[in-house]
Amino acid sequence: MSKICVVGTGYVGLPAAACFADLGNDVVCVDVVAAKVEQLRRGEMPIYEPGLEEMVHRNVKAGRLYFTTDYTKGIPEADFVFIAVGTPEAPDGHTDMSYVESAAKSIGQHLHGHTIIVNKSTVPIGTGDWVHGLIAEHTTEGQTYAVVSNPEFMREGQAMFDFLNPDRVVIGSADRSAAEEVGRLYEPLNAPIVITDLRTAEMIKYASNAILANYISFINQIALMCEALGADVKQVAQGMAYDKRIAGQFLNAGIGYGGSCFPKDVKSLAMVANDHNVDPTLFRSIIEVNNVMRQFFVNKVAKLLGGSVKGKEIAIWGLSFKPNTDDMREAPSLDIVKALQDGGATVRAYDPMAMDVARRLLPGLTLCTDAYEAAASADAVLLLTEWNEFKQLDMERIKSEMRGNLLVDGRNLYDPAEMREVGFTYAGVGRN
Ligand SMILES: NC(=O)c1ccc[n+]([C@@H]2O[C@H](COP(=O)([O-])OP(=O)(O)OC[C@H]3O[C@@H](n4cnc5c(N)ncnc54)[C@H](O)[C@@H]3O)[C@@H](O)[C@H]2O)c1
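Keep in mind that this is a model prediction, so the values were computed, not measured. (Residues numbered from 1 in each chain as written. Predicted model: local features only at pLDDT ≥ 70, side-chain atom pairs only at ≥ 80, totals over all residues.)

### A few points about the overall build of the chain
Link 1 in the chain: Secondary structure summary: the chain contains 17 helices and 14 strands in total.
Link 2 in the chain: Compactness check: the chain gives a C-alpha radius of gyration of 23 Å against a globular reference of 22 Å for 432 residues, within 12% of the reference.
Link 3 in the chain: Principal axes of the C-alpha set define a box for the chain whose edges measure 75 × 50 × 40 Å.
Link 4 in the chain: Of the contacts made within the chain by residues no fewer than 6 positions apart, 71% connect residues no fewer than 24 positions apart. (Helix = DSSP H or I, 4+ residues; strand = E, 2+ residues; numbered from the N terminus. Rg over C-alpha atoms; globule rule 2.2 N^0.38 Å. Contact = placed C-beta atoms within 7 Å.)

Dropping the structure here:
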């Protein structure tokens, strides 16, 4: 059993803290947002993540998980302090490091004895060394510490599963024994543990996100060609996926990636490459293709509605950037809804989990209680997020309650022949 403090209780920090507690450790979570901490203390989850609430409740009850805004309650006692604060995009495309900076200063001020500081946030290469210096500036004499990079690879929507069943755990440090101690926290998970130096671990995270984003932009570029040339991108991806050298499960054509990671991380990688005189052409192309897909989708809807969306009623199914999360950061839906509204359409939407977030981010949008209500009397239905509950809707009923018959499938979820059989004018992305 170790004493762990997790700084930042967001989409990464909270699941990680709950899982570490579930493995038998004593975990204190420190967050600067008092309302969030109060909510957690009342047993309410500030985010939606399947399985999170139950695990948090179980471990709070067992006395292994505690929430506070007070650094003095978490840092001095801790063997390990995990930094899991946000690293959003700065206005110029670099990474905004202000949260990491402020967390590192506070950690430095409260260190006591020997502590291993583990950075879980996704941070530009070189941050570990910078954090080491920041802590040195703010700590008092006699305290000792090591800085370790331990990037997180969990996917929102399956964060609990991913944390407990990682493909690998990456740990980087100049201090080998500190890295091994962090490795021991993950021993119960029986995952391969990759120990590297600090900068290599930081680069593994960016390189992994960039290649995943690359797969998406790559297959989307192929999708655009399929559409122009009369091929079916879904079958193309299936045909490619048999090749063991190709990561087939990530070749999903559609309206592109969103979320709090791929967009900002690929952008940051391109900026850092440029800063160091490395040509970032490939990274920039990934971003460009991704941006193109949103506009392409809106143009396609307009074309299928006779050239313009003006005066049309349009239903949106799915607002979160992917299924099983309420996260709408950088979601394609944000740009698509706005473009449709700007074009003069009346837009209604339904999402199984992101309605509260949508109310905040898209104040002018009419929100419906289910997919049927959103589609009723609509000229077109647009599927933007492939939630399970959209897979087996009564499509006959949807069609009969609509004013028009257009179904534009931004995730290639439906079978085109089946949808045409029901009477829809069906369009996917990259298939005719
Ligand atoms: N969301 C993901 O799926 C995911 C996956 C892998 C890695 N990451 C990375 O993990 C990091 C965290 O991402 P997230 O999605 O959990 O962010 P988030 O915004 O959901 O959570 C960050 C939390 O940190 C808190 N915080 C900010 N400054 C603080 C401080 N000084 N002290 C204490 N708490 C502070 C915020 O209040 C917030 O609760 C980012 O670097 C991100 O790139 C995210």
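That was the structure; now back to the text.
### Regarding the site of the ligand
Link 1 in the chain: Taken together, 27 residues lie near the ligand, and Gly-8, Gly-10, Tyr-11, Ser-121 and Thr-122 sit nearest.
Link 2 in the chain: The dominant element in the shell around the ligand, judged by the number of residues it contributes, is helix H5 (residues 98-110), at 4 residues.
Link 3 in the chain: Looking at the shell around the ligand, its residues break down into 12 nonpolar, 11 polar and 4 charged. (Near = placed C-beta within 6 Å. Nonpolar A, V, L, I, M, F, W, Y, C, P; charged D, E, K, R; others polar.)

### Some thoughts on the environment of Phe-283
Link 1 in the chain: Summarising the element assignment, Phe-283 is placed in helix H12 (residues 281-304).
Link 2 in the chain: Phe-283 sits in the buried class, given 24 other C-beta atoms within 10 Å.
Link 3 in the chain: Taking the C-alpha atoms as reference points, Phe-283 and Leu-164, separated by 119 residues in sequence, lie 31 Å from one another.
Link 4 in the chain: In this view, Phe-283 contacts Ala-210, Val-266, Leu-269, Ala-270 and Ala-273; residues no more than four positions away in its chain are not counted. (Buried ≥ 20, exposed ≤ 12 C-beta atoms within 10 Å, placed from the backbone.)

### Examining the sheet that holds strand E5 (residues 114-119)
Link 1 in the chain: Taken in spatial order, the 8 strands line up as E3-E2-E1-E4-E5-E6-E7-E8 in an open sheet, and their pairing is mixed. Each end of this open sheet is capped by a strand with a single partner; those strands are strand E3 (65-68) and strand E8 (193-196). The sheet shows a mean angle of 25 degrees between the axes of neighbouring strands, direction not considered.
Link 2 in the chain: Here 4 bridges tie strand E2 (residues 26-30) to E3, and the two strands are oriented parallel to one another. (Pairing = 2+ DSSP bridges. Axes fitted to C-alpha atoms, helices over the stretch in contact; angles between N-to-C directions.)

### Here's the deal with the domain arrangement of the chain
Link 1 in the chain: Taken domain by domain, the chain holds domain 1 (3-196) and domain 2 (211-427).
Link 2 in the chain: Contacts between the two partners involve 16 residues from domain 1, matched on the other side by 15 residues from domain 2.
Link 3 in the chain: Classifying every residue of the side of domain 1 that touches domain 2 gives 7 nonpolar, 6 polar and 3 charged. (Domains from an automatic or database assignment.)

### Focus: H5
Link 1 in the chain: Over its 13 residues, H5 runs 19 Å from end to end, which matches the ideal 18 Å to within 8%, given 1.5 Å per residue.
Link 2 in the chain: By the burial criterion, the buried members of H5 are Val-100, Ala-103, Ala-104, Ile-107, Gly-108 and His-110.
Link 3 in the chain: On its buried face, H5 is in contact with strand E1 (3-7), helix H4 (71-74), strand E4 (80-83), E5 and helix H6 (127-138). (Expected span 1.5 Å × (residues − 1).)

### Notes on the sheet that holds strand E14 (residues 425-427)
Link 1 in the chain: As summarised here, the arrangement of the 6 strands in space is E11-E10-E9-E12-E13-E14, forming an open sheet in which the pairing is parallel. Only two strands of the sheet have a single neighbouring strand rather than two, namely strand E11 (366-367) and E14.
Link 2 in the chain: Bridge analysis of strand E13 (residues 406-409) against E14 gives 3 bridges, and the strand direction is parallel. Each residue of the ladder has a partner; that of Leu-407, found in E14, is Tyr-426.
Link 3 in the chain: Relative to the sheet, H12 contacts strand E12 (380-383), E13 and E14, its axis offset from that of E13 by approximately 165 degrees.

### Side note on the environment of Ser-102
Link 1 in the chain: Within the secondary structure layout, Ser-102 lies in helix H5.
Link 2 in the chain: Assessed through the 14 C-beta atoms surrounding it within 10 Å, Ser-102 is described here as partly exposed.

### Some thoughts on the packing of helix H11 (residues 262-275) against H12
Link 1 in the chain: The contact between H11 and H12 brings their axes to 9 Å, and the two run at 150 degrees. Our classification of the angle between H11 and H12 gives roughly antiparallel. The element H11 and its partner H12 pack so that their crossing is left-handed. Facing Val-266, Lys-267, Leu-269, Ala-270 and Ala-273 of H11, the residues of H12 in contact are Phe-283, Arg-284, Ile-286 and Ile-287.
Link 2 in the chain: Here the residues of the contact of H11 with H12 sort into 7 nonpolar, no polar and 2 charged. (Parallel < 35°, antiparallel > 145°, perpendicular 65-115°, else oblique. Left-handed = near helix turned anticlockwise from the far one by under 90°.)

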